[in-house]
Amino acid sequence: MKIQTIATQPFNDQKPGTSGLRKKVKIFQQPHYLENFVQSIFHIASPIAGQLLVVGGDGRYYNKQAIQIILKMAAAQGVAKILVGQNGLLSTPAVSALIRKQKAAGGLILSASHNPGGPDEDFGIKFNIQNGGPAPTSFTEAVYKYSNNISSYKILETADIDLNTLGPSKMGDMQIEVVDPVSNYAALMAHLFDFNRIKSMFDSGFSMRFDAMHAITGPYAVEILENVLGAAPGTVINAVPLEDFGGGHPDPNLKHAHELVKLLSGNSAHSFGAASDGDGDRNMILGQNFFVTPSDSLAIMAANAHLLPGYKNGLSGVARSMPTSTAVDKVAEKLGIECYETPTGWKFFGNLLDDNKITLCGEESFGSGSDHVREKDGLWAVLFWLNLLAIKKQSVSRIVTEHWARFGRNYYCRHDYEAIDSQVANDLMQYLLQSLSELQGQTFNNYTIEMCDDFSYTDPVDNSISDHQGIRLLFSDGSRIVYRLSGTGTEGATLRVYIEKFEPEVSLQSGETQQVLADLIEIANNIAQIHTRTGRTDPDVIT
Ligand code: G1P
Ligand code: ZN
């Protein structure tokens, strides 16, 4: 066994986006491509010699091969020990939990989240730091910079290890432990929620469906929901993780989780439906014929958290990403706690959680989480809702409509225009930027723009500044329109337009979202000249 130093050249395209480096599998399979990036991470994370790391992924195509390469490279760096999920599997929140529990120096997560998997689809890699959360921008920028000048990497010349068998093994001097991906995570959930109460609810006939979308949460959900909490066998659908997610798009929204949506519609036998994404950090919550918007879900969690064991002392504060609806702000106001507005992406919540400024946080993009880990957590959100249902003994729709009656309702939707030409997308954003001063104070169809800007965030903990985080138009009645370009896509650009309108007085029978937002949607399209610039008449996805 010998440590080899391999000469290489920079690819110059390894700039991490919102959640790490994401590219087509074929790009990652180029000789030296993954190696260059991993070496760059190790260099910036150094000293990692003598340290403990965690490695795992969502099981997508190329996961196992990438893990073997990473193990050999870590051994060449002198890493003391690596915990790796059995079969290379670990959900993103489970990696975060494991880093924290074992006091590891960090971890590598192999995933492209909700993007499709397979030889012609997407792969991704990101580094999480000691607190269990995604590395900050300063780190990822430094990695990118290093990758642009890299000339060699180190790798141990050795055979692959067996990822299927639990227990210890070695690569050179480095210890490896293949761990059960579920057990540590399941124990953490049992500590946060009232499992006995949820179990009694299932024992008395409560029926639900959880769609694992052939991605990472299958084994977690089967163990926790069916084996521990006693939900009926078959509660978890699409439970087996597959390298190509069964050809599906493992994104828990109304479009991609259509099988689940169907199971909860009409005269459904189930009271609750939920789904998670490729790597297990997103969640979608459904009642019978009822969709809970992620922004509302966050607000409802914040309003009720004190009822659950893990949050019985109340919340220190809450946070949401800027495009997320302001529903949670209303709850924070009533509770007398701070509500922080951060840029898109989970990494901005890390400092606030570490500094105990917040307990709960979330994004409109089907992500919510708490201080139990430093990632958003899909199954955690599902268990939160189950615990709430077990306490309130009300339907999902009843809980939501009562919340609206108490706090008002934030009608909300997001329009995505996918795979548009990058130049067109950048020009559109540039045009909006240049229009800002002109837009200020203008009235469109009774909606007056009170404030508009290019969102910039100053981290209240380390004072770091993140600029250009989206263009927001705030109207005098509290309505908002936000435009930003996705940082996670791998084909062209994705324009996201977020539209929101607040109605303080809501009758329990509320109007259709698209109808309520129709005027604002038209205003949003006109201001950004979406049709003429992109040639698109309709968004690809509406959530
Ligand atoms: C998207 C979501 C964002 C989320 C990220 C990672 O990023 O919008 O909220 O944090 O995925 O799951 P985007 O593609 O918009 O940059
Ligand atoms: Zn994800």
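Keep in mind the model is a prediction, meaning the values are calculated, not measured. (Residues numbered from 1 in each chain as written. Chains lettered and ligands numbered in written order. Predicted model: local features only at pLDDT ≥ 70, side-chain atom pairs only at ≥ 80, totals over all residues. Heavy atoms only, no water.)

Visitor: So, the site of ligand 1: which residues are in play, and what are the values?
Guide: The immediate surroundings of ligand 1 are formed by 15 residues, with Ser 365, Ser 486, Gly 487, Thr 488 and Arg 496 found nearest. Side-chain polar atom of Arg 282 to an oxygen atom of ligand 1: 3.0 Å apart, as the coordinates give it. Between ligand 1 and the protein, one listed contact pairs an oxygen atom with a backbone N or O atom of Gly 487 at 2.6 Å. (Near = heavy atom within 4 Å. Polar contact = N/O pair within 3.5 Å; in protein donor to acceptor, adjacent residues only side chain to side chain.)

Visitor: Got a sec to walk through helix α15 (residues 422-439)? Specific residues and values, please.
Guide: In this model, α15 (18 residues) spans 25 Å end to end at C-alpha, consistent with the 26 Å of a helix rising 1.5 Å per residue. Taken residue by residue, α15 has Ala 425, Leu 428, Met 429, Leu 432, Ser 435, Leu 436 and Leu 439 as its buried positions. Taking the backbone nitrogen of Gln 423 as reference, a side-chain oxygen 3.1 Å away marks Asp 421 as the first, capping residue of α15. In the segment just after α15, Gly 441 is the residue with positive phi, at about 85°. (Helix = DSSP H or I, 4+ residues; strand = E, 2+ residues; numbered from the N terminus. Expected span 1.5 Å × (residues − 1). Buried < 20%, exposed > 50% of the residue type's maximum accessible area, 1.4 Å probe, protein only.)

Visitor: Just give me the short version of the packing of helix α10 (residues 294-304) against helix α14 (residues 396-407), but keep the residues and values in it.
Guide: At a closest axis distance of 11 Å, the pairing of α10 and α14 adopts a crossing angle of 80°. Taken together, the axis directions place α10 and α14 in an arrangement best described as roughly perpendicular. Within the contact between the two elements, α10 uses Asp 296, Ala 299, Ile 300 and Ala 303 and α14 uses Ile 399, Val 400, His 403, Trp 404 and Phe 407. (Axes fitted to C-alpha atoms, helices over the stretch in contact; angles between N-to-C directions. Parallel < 35°, antiparallel > 145°, perpendicular 65-115°, else oblique. Contact = heavy atoms within 4.5 Å.)

Visitor: For the sheet that holds strand β3 (residues 52-57), give the residues involved together with the corresponding values.
Guide: Whether parallel or antiparallel, the strands of a sheet pair through hydrogen bonds between backbone atoms. The seven strands lie next to each other as β2-β6-β5-β3-β4-β9-β8, forming an open sheet whose pairing is mixed. The open sheet is flanked by β2 (21-24) and β8 (167-171), the only strands paired with a single partner. The mean angle between the axes of side-by-side strands here comes to 20°, regardless of whether they run parallel or antiparallel. Judged from the five bridges that link them, β3 and strand β5 (residues 106-110) form a sheet pairing that is parallel. Opposite Val 55, over in β5, you have Leu 108 as the bridge partner. Where helix α3 (residues 63-77) meets the sheet, its contacts fall on β3, β4 (81-89), β5, β6 (122-129), β8 and β9 (174-179), and the angle it forms with β4 comes to roughly 170°. (Pairing = 2+ DSSP bridges.)

Visitor: So, the nonpolar core: which residues are in play, and what are the values?
Guide: With 73 residues, the main nonpolar core has Phe 193, Phe 210, Leu 225, Phe 272, Trp 380, Trp 385 and Leu 386 as its most contacted residues. Top contributing element to this core by residue count: helix α13 (residues 378-392), with eleven residues. The next biggest cluster of nonpolar side chains, apart from the first, holds 42 residues, and it includes Phe 37, Ile 48, Ile 82 and Val 84. (Core = buried A, V, L, I, M, F, W, Y, C linked by side-chain atoms within 4.5 Å.)

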